[in-house]
Structure formats: C-alpha cells, structure tokens
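Breakdown of the fold
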Amino acid sequence: SEHNWKRVCSDLDEYSLIKSSFQNFTDILWAHYFGIAGRNILQSQDVKNALCKVSKSKEFIMWQNMLFEKSTGTIDHIDSWYLDTNPYGNLLAAWIALEDIDGEGGSFHLYPNSHLNYSKEWIGLDHDTFRKWSTTQTKFYKRKSIIINKGDLLIWHPMLLHGSTSQQKVGKSRK
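Residues numbered from 1 in each chain as written. Predicted model: local features only at pLDDT ≥ 70, side-chain atom pairs only at ≥ 80, totals over all residues. Heavy atoms only, no water.

Looking at the overall build of the protein chain
The following threshold applies: Elements are defined by DSSP. Helices are runs of H or I of four residues or more, strands are runs of E of two residues or more, and each kind is numbered from the N terminus. With the radius of gyration taken over C-alpha atoms, the globule rule is written as 2.2 Å times the number of residues to the power 0.38. Buried means the residue's accessible area, taken with a 1.4 Å probe over protein chains only, is under 20% of the maximum for its type, while exposed means over 50%, and partly exposed covers the values in between. Whether two residues are in contact is decided by their heavy atoms: any pair within 4.5 Å suffices.
For the protein chain, the count of helices and strands is three helices and eight strands. The order of α-helices and β-strands along the protein chain, N terminus first, is β-α-α-β-β-β-β-α-β-β-β. Expected size for 175 residues packed as a compact globule is a radius of gyration near 16 Å; at 17 Å, the protein chain falls within 12% of this value. Counting only residues that meet the buried cut, the protein chain has 38% of its 175 residues in that class. Counted over contacts in the protein chain with a minimum sequence separation of 6, partners at least 24 positions apart contribute 77%.

Regarding the side chain of N65
For clarity, the threshold we go by: Whenever two N or O atoms come within 3.5 Å, that pair is a polar contact, provided that in protein one can donate a hydrogen and the other can accept it, and provided that, for residues adjacent in sequence, both atoms are side-chain atoms.
Its place among the elements puts N65 in the loop between α2 (45-54) and β2 (66-67). Here the side chain of N65 touches F25 through a polar contact of 2.8 Å, landing on its backbone nitrogen. Within the local environment of N65, its side chain forms a polar contact with the side chain of T26, the two groups lying 2.8 Å apart. Contacts of N65, omitting those with residues within four sequence positions, involve F22, Q23, N24, F25, T26 and L42.

Digging into unusual backbone geometry
A cis geometry characterises the amide bond from N86 onward to P87, with omega recorded as 5°. Here P87 is to be found in the loop between β3 (72-77) and β4 (93-96). One non-glycine residue, N24, lies in the positive phi region at around 50°. Positionally, N24 belongs in the loop between β1 (22-23) and α1 (32-42). Under the relative-accessibility criterion, N24 is labelled partly exposed at 26%.

Quick word on the nonpolar core
Our working definition: The nonpolar core is taken to be a set of buried Ala, Val, Leu, Ile, Met, Phe, Trp, Tyr and Cys residues, with the residues joined through side-chain atoms within 4.5 Å.
Core analysis: the largest hydrophobic core is formed by eleven residues, namely A93, W95, A97, I101, F108, L110, I146, I148, L154, W156 and L160. Elements supplying a minimum of two residues to this core: β4, β5 (108-110) and β7 (153-156). Ignoring sequence-local partners within four residues, the contact set of L160 consists of H77, I78, L110, Y111, N113, S114 and H115. Listed in part, the seven residues of the second largest apolar core include I78, F130, W133 and M159.

Structural notes on the sheet that holds strand β6 (residues 144-146)
Note the threshold: A strand pair is defined by DSSP finding two or more bridges across the two strands. Axis lines are fitted through C-alpha atoms, for helices just across the contact stretch, and the angle between N-to-C directions can take any value from 0 to 180 degrees.
Pairing is antiparallel in the open sheet, where four strands are placed in the order β3-β8-β5-β6. Of all the strands in the sheet, the pair left with one neighbour each is β3 and β6. Going across the sheet, the axis of each strand differs from the next one's by a mean of 30°, ignoring polarity. The sheet contact formed by β5 and β6 spans three bridges and is antiparallel. Bridge pairing in β6 links H109 to S145.

Listed below in structure tokens is the structure:
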C-alpha cells in the first residue's frame, strides 16, 4: 500500500479488502498498467467536460488521487485545510464510483451550502483544533448522505464540509 507502506497481502482484511487507501495510485511504479487505467478514467474527456461545467477553468491538473476499496471513515472536514490552491478555493475534488454505493460499505456525506461560509478562521489551526472547528461547523448545516451508482462522478468545492463513515456491514467495499 502506498499509504502506509505495507505489502498489500499483509494489508487485507478477512474479506480480502484492502484496509488502507492508495494515495496517487496512478503513479505506483510496481503497477504500471493499473496506473494507466486510473489515468485513463481520471483524465478522460468525460471527466474534463464535467469539471468544465462546474468551473471557470478549461485546463486542469491532477494534483492528487486516491483509491479506496474499504471505507475507513473520515472526520467531517474541508479539503482546503489539507490541500488547496493559492489563493484558496480553486481546487476541485471529485469521486468516481467504481461500483454502486449503497452505504453498506460506508457512506459519503456532505453539508450542502457549507462552502458558502467564507470565514478563514480555520487557517493556521493545528489538526486537533481544526477537528474541533469542523465539528462545530456541522451544527450549522444539515447533513446529507450521498448514494451514487457505478460510473457516477461527484465533484465538490474544497471548502464544502464533508466526511465519510466506516463500513456499516462487514465485508462490503466502497470503491
């Protein structure tokens, strides 16, 4: 696994699901054809067309990518704290479902309109304080779970508050 530097065979659960994510899976040296397949999806004309529809830009750079087979859950957060452009707000995050997502393998959720909060009070916070700030922000918005189908593309603003749950049913994936 590129994320935790373990051999994949030692990073599988009892259902043969990879426990950790692959960060920048399109660049894994020992899985060249896997990377090409990933780039063919992520940098496809269909994805570019979708990004153009939600952005003023016509050119895009893939800065980071991740492949999740098993949802480990994430805290509610905004991506801008971890990764964004300078100035803030020009990053686009996307998720392409490689299988139907019904929530059993973990669900993705977001807080609609939270990206319209232009406060920058999160800048410079350490991670623990950022986590507390994120939790406080969730109280101002209604949480919405996202259920998508294989092939669907979800694009969100880097300041949109979102997160995910861990597996709800053991053995279920969330690719």
